[in-house]
Amino acid sequence: MAAGNVELVRSIYAAWERDDYSSIEWAHPEIEFVLVDGPDPGSWRGQAGMVEGWRAFLSNWGNYRIDVEEYREVDAERILVLLRIAGSGKTSGLDLGQMRARGANIVQLRGGKVVRLALYFDRDRALADLEAP
């Protein structure tokens, strides 16, 4: 895997850990953005779709934040990001921090851009999806 891909993913998550979601320069114009599981799964296509999906997701949470635990190179195109998730559901009051929520994201890159970003609340499901043919 190109070191540049790992550095790109690190830079994306470094911003997100600071609660900065303003940049989408890293996203391919036709990115596939997927909330695989969790309270409101869905899939969006393109940068505008990703922004729409992410805003809808964040609007359901108070104090949503992530802390990256590890980056794992899966293959030439994919990086697994293991993370802890914190925040509280605005409607449900569910506190992810108290649950010690451990999620994962699978970031797929091609040509120096993220072409697919899949977010998982359930880390085991992400790991199973990586092993599936």
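Anything mentioned here points back to the structure above.
Notes on the structure follow.

Calculation rules
Residues numbered from 1 in each chain as written. Predicted model: local features only at pLDDT ≥ 70, side-chain atom pairs only at ≥ 80, totals over all residues. Heavy atoms only, no water. Helix = DSSP H or I, 4+ residues; strand = E, 2+ residues; numbered from the N terminus. Buried < 20%, exposed > 50% of the residue type's maximum accessible area, 1.4 Å probe, protein only. Arc of directions from axis to C-beta. Contact = heavy atoms within 4.5 Å. Polar contact = N/O pair within 3.5 Å; in protein donor to acceptor, adjacent residues only side chain to side chain. Core = buried A, V, L, I, M, F, W, Y, C linked by side-chain atoms within 4.5 Å. Pairing = 2+ DSSP bridges. 1 Å grid on protein atoms, 1.4 Å probe; cavity = no way out; pocket = protein on both sides within 12 Å on 5 of 7 lines; lining within 4 Å. Points joined across faces, edges and corners; volume = space filled by probe spheres on them. Nonpolar A, V, L, I, M, F, W, Y, C, P; charged D, E, K, R; others polar.

Let us now look at unusual backbone geometry. One non-glycine residue, aspartate 19, lies in positive phi territory at about 65°. Secondary-structure assignment places aspartate 19 in the loop between helix H1 (3-17) and strand E1 (27-35).

So, about helix H3 (residues 123-131). Those residues of H3 lying buried are Arg123, Ala126 and Leu130. Here the buried residues of H3 occupy an arc of 60° about the axis, which is enough to place them on one side. Away from the buried face of H3 by more than 90 degrees, exposed residues Asp124 and Glu131 are located. Buried positions along H3 lie against strand E3 (61-73), strand E4 (78-89), strand E5 (102-110) and strand E6 (113-120). The N-capping residue of H3, defined by a side-chain oxygen 3.0 Å from the backbone nitrogen of aspartate 124, is aspartate 122.

So, about the nonpolar core. Counting 31 residues, the largest nonpolar core has Tyr13, Trp26, Val81 and Leu117 as the members making the most contacts within it. At the level of secondary structure, the elements contributing two or more residues to this core comprise H1, E1, helix H2 (46-59), E3, E4, E5 and E6. A per-element tally of this core places H1 first, with 6 residues. Residues contacting tryptophan 26, with those up to four places away along its chain left out, are Leu8, Ile12, Trp16, Ile31, Met50, Lys113, Val114 and Leu117. If you look at the next biggest cluster of nonpolar residues, it comprises 10 residues, including Val36, Leu80, Leu82 and Ala118.

Right, let's talk about the environment of aspartate 20 for a bit. Relative to the helices and strands, aspartate 20 is located in the loop between H1 and E1. Side chain to side chain, aspartate 20 and serine 22 meet in a polar contact 2.6 Å long.

The subject of this paragraph is the pairing of E1. Sheet faces and side chains relate simply in a regular strand, where the side chains alternate between the two faces. The pairing of E1 with E6 spans 5 bridges and is parallel. Across the sheet, residue phenylalanine 33 finds its bridge partner in E6, namely leucine 117. Note that E1 and strand E2 (residues 42-45) share 4 bridges and pair antiparallel. By the bridge assignment, valine 34 is partnered in E2 with serine 43. In sequence, E1 turns back onto E2 through a hairpin of 6 residues, with glycine 38 there showing a positive phi of about 90°.

Let's shift gears to the layout of surface pockets. Computed from the structure, the largest pocket encloses a volume of approximately 190 Å³. Surrounding the largest pocket, 13 residues form its lining, Tyr21, Ile24, Met50, Val51 and Trp54 being those nearest its centre. The leading source of residues in the lining of the largest pocket is H2, at 4 residues. Looking at the lining of the largest pocket residue by residue, the classes come out as 10 nonpolar, 2 polar and 1 charged.

That's the geometry; what it means functionally is another story.
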